[in-house]
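Analysis of the macromolecular model
The primary structure of each chain is shown beneath.
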Amino acid sequence: MNGVPLSWYLILSAILFALGAAGFMIRKNMITVFMCIELMLNAVNLSFVAFSRHFKTIDGQIFTFFVMVVAAAEAAVGLAIILTVFRNRSTLQVDDIDSLRL
Amino acid sequence: MSQFYTQTDHFVLLPGLLLTLFGCATLLFDFWLVPEARYKKLLVGWLIAAEAFTGASLYRHTTYLADNGLTELVAFRGSLVMDGFSIFFNWVFLATAVIVALISYRYLEIEGEHHGEYYGLILLAQSGMFFLAAGTDLVTIFVGLELMAISFYVMVGFLRADRRSNEAAMKYLLLGAFSSGFLVYGFSVMYGMSGSTRLSDIAASFAARDPWDPIAFLALATTVVGLLFKISAVPFHMWAPDAYEGAPTTVTAFLSVGSKAASFAFLMRIFLGPLAASREVWEPILIGVAILSMTVGNLAAISQTNVKRLLAYSSISHAGYILLGLIAGNDTGLKGVAIYVLVYTFMNLGAFLVIVALRRENIIGEDVEDLAGLMHRGPGYAILMLIFMLSLAGIPPTAGFIGKYYIFLSLMQTGHYLVAVAAALYVAVAIYYYFRIVRSMFVSDVSEPTPLAASLGMRVAVAVSAGLTLAIGLYPEPFLQMAQTSLIR
Amino acid sequence: MDPILFFIFAAVAVICAISLIVQKHPIKSALSLIGVMGSLAILYLLLGAEFIAAAQLIVYAGAIMVLFVFVIMLLNAGEEKSPARPSWFAKLLGIPLMIALLGILSYVIQRAAPEGSLAFGEYTGGAREVGRALFTTYLLPFEITSVLILIAILGAVVLAKKEL
């Protein structure tokens, strides 16, 4: 076999996406939860690049580029928010932050 | 003008361009002006000027379409479109932004976080909404969506010293980013199906496949997860009560109305464009989601003591109602969606306005008890809140009734009788908790006799909201005409 | 040759991803995520996406992850304290359920994906193609992105600065 079938890349992307989603729901530390979201976005990027290569056009790679930029912007704002939460609360555990519960 | 940025492109882009430029100018002005409170009034004035220019460009759009007999004008090689739908929603965003800016001035002063960046963020969030409503390419839509979302993450966390604001921003951001991940996964499958990122090409590839084809279903499922999150429909509604309660009340107003309207515009474009061929798959799903949203929204609102949380759950139920119009899917249904969004804008903004007016030094004014005896302390506000509560419940002759009427009519016309019955039952349930507030205002004893402050901006905003809420209810014809134009897609 | 490279780096990516969600200390999770990004960059090269591979390493692993590591250091984030053991029922059901779902998904993808294998070298989308597309077809989102980044900077300053 000379090349790698497209479906292998898609399956890998699905595995990474599922792991990211699972991690989002399991983990309790805010920063780790955010990193699981980044893992999900990386999985989507892989999917886009694989499709782009399949169609031999550049559109998928362009979308990857934009997903990267958006992830960077979200990371900047998200970490700033985590910083403010920490400043007022001194904890990073999602469970301990419960001033909004009924 | 090059071949990649033509006259047409410029014309279609004009509202978004104006909003972006004015937003950046607002940030510059805030930086240059002496940071004294009285100069912030200039920023509000600048924002109103920005909205005036944007409104003028939207008006020019409408007249251009009418004069040339076109239904739409496509720009940027199919990425951006100017049609009645996008113009209608842009007017809704404009009205929302103006009203929110008018009431924010005094509110932020009291909260002690009166920074000019707030007004810049309003304008830039609105430009994100423009691209979300007018975009017809996955990339443009995604970037517009994130532009709006990130502005909101910042605005929700704007009260930096308030724990609840921090927590609301954190929860909103984490859940929002999670749902964006699902949304782009859906976009990647859509791209994989069609080889292009334009909505028209994706629609063709969906139509060429069997709706129950696994790949088409995967694209539909993951995209719908992302979409339902943004409109805070069950089961992806968990962020809404916390975000609404913790955010500054003016931001809650903007979020509950502007973000929801923009997300509905996005949702309509996706469901009536690429996913139109898969209606038999998503119609049952949406019926379930709408019924669940009305259930959870109405039942949870009954036991709330915080008015912002109550309005959050009520807005979850309203999202369910608007989805019913999409489920019906005929012209009446789509017109019902448009008119409901318009009506919902003003009545929800009005309700939040009154809560903002209650905010004074050292008194939060967010609990239902704080509204007690409002009739004695500020009878004008009590009457206005009565109007908004009647409208939210859907009682004639207020605007809320018109919205619900068209939704029910369309459900009857398309044969969804059971759904219509369920929705009608929930209207009755909703009346209970809306009238709990009204009773608290009119009947309870006065808890404290201090009068309420009202700035000029607040008065204008309240007059506009209440006036339109009554006007649409009493004389809906011009607004129905406006909603009709949004059907040309 | 291609399948071997794919398997090696796919395995590295999955192992690092599992490590990300299993590790207790956030810094170990961050390093695992960098591992995922590095192996994904190699996969992008295998797919002919030269520019995206470089951008992945420079922007994602080189800037965003550095930001994460910096914040972990700044906040002195310690090990995560797990409050109560997750019930054995959840563990018994969760992992097989996830494997089953992934299995179904993989089967579906395998059946539905188009034929043909992607060999290395048949197509490269380098900086020239990406640049051309960004400034012609995708000019509008490119310009909106600049506003997006502005808002991110603005947001970070407004939220995190001590005295505004």
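Residues numbered from 1 in each chain as written. Chains lettered and ligands numbered in written order. Predicted model: local features only at pLDDT ≥ 70, side-chain atom pairs only at ≥ 80, totals over all residues. Heavy atoms only, no water.

**Quick look at the pattern of salt bridges**
All names here are of chain B. We apply this condition: Should a side-chain nitrogen of Lys or Arg be within 4 Å of a carboxyl oxygen of Asp or Glu, the pair is scored as a salt bridge. Labels follow the DSSP assignment, with helices taken as runs of H or I lasting at least four residues and strands as runs of E lasting at least two, numbered in each case from the N terminus. Under the scheme applied here, a residue whose accessible area is under 20% of the maximum for its type counts as buried, over 50% as exposed, and between as partly exposed, the area being computed with a 1.4 Å probe on protein chains only.
Inspection of the entire model under this criterion finds eleven salt bridges over all chains. Among the salt bridges present, the one from D242 reaches R309, with a minimum N-O distance of 3.2 Å. Of this pair, D242 sits in helix 9 (residues 239–246) while R309 sits in helix 12 (residues 307–328); the two residues are 67 residues apart in sequence, bridging distant segments of the chain. In this pair, the class of D242 matches that of R309, namely buried. Measuring nitrogen to oxygen at the nearest pair gives 2.6 Å for the salt bridge that ties R279 to E283. Placement of both R279 and E283 in helix 11 (residues 279–302) is noted, with a separation of four residues, approximately one turn of the helix.

**Quick word on the environment of V157 of chain C**
Residue and element names in this part refer to chain C. Considering the arrangement of structural elements, one finds V157 in helix 6 (residues 139–160). Classification of V157 as partly exposed rests on a relative accessible area of 38%. For the pair V157 and L105, spaced 52 residues apart in the sequence, the C-alpha separation amounts to 42 Å.

**Examining the domain arrangement of chain B**
Residue and element names in this part refer to chain B. Inclusion rule: Here the bounds of each domain stem from an automatic or database domain assignment. By definition in these notes, contact holds between two residues if any of their heavy atoms fall within 4.5 Å. Summed over both partners, the accessible area (1.4 Å probe) lost when two parts come together is defined as the buried area. Side-chain atoms alone can form a polar contact between residues adjacent in sequence; in general such a contact is a pair of N or O atoms within 3.5 Å, and within protein one must be able to donate a hydrogen while the other accepts it. Residue polarity is assigned by list, with Asp, Glu, Lys and Arg as charged and Ala, Val, Leu, Ile, Met, Phe, Trp, Tyr, Cys and Pro as nonpolar; anything else, Gly included, falls into the polar class.
Taken as a whole, chain B is organised into domain 1 (1–163 + 235–268) and domain 2 (279–489). Spacing between the C-alpha centres of domain 1 and domain 2 amounts to 22 Å. Contacts between the two partners involve 38 residues from domain 1, matched on the other side by 43 residues from domain 2. For the pairing of domain 1 and domain 2, the buried interface totals around 3600 Å² over both sides, and the portion due to carbon and sulfur atoms is 76%. Applying the counting criterion to the domain 1 and domain 2 interface returns two salt bridges. Inspection of the domain 1/domain 2 interface yields eight residue pairs in polar contact (both at pLDDT 80 or more). Those elements giving two or more residues to the side of domain 1 that touches domain 2 turn out to be helix 3 (84–111), helix 9 and helix 10 (249–272). Per element, the largest residue contribution to the side of domain 1 that touches domain 2 is 16 residues, and it comes from helix 3. Tallied by class, residues from the side of domain 1 that touches domain 2 come to 23 nonpolar, eight polar and seven charged.

**So, the state of the cysteines**
Condition: Two cysteine sulfurs form what is called a disulfide whenever their separation falls within 2.5 Å.
For the structure on display, the rule yields zero disulfides over all chains. The structure places no disulfide on C36 of chain A, whose sulfur is separated from the nearest cysteine sulfur, that of C16 of chain C, by 14 Å. According to the relative accessible area criterion, C36 of chain A is buried, its value standing at 0%.

**Some details on the interface of chain C and chain A**
Facing the 77 residues of chain C at the interface are 66 residues of chain A. Between chain C and chain A lies a buried interface of about 6500 Å² when both sides are counted; carbon and sulfur atoms form 77% of it. Counting the contacts that link chain C with chain A gives zero salt bridges. Counting every contact that joins chain C to chain A gives eight residue pairs in polar contact (both at pLDDT 80 or more).

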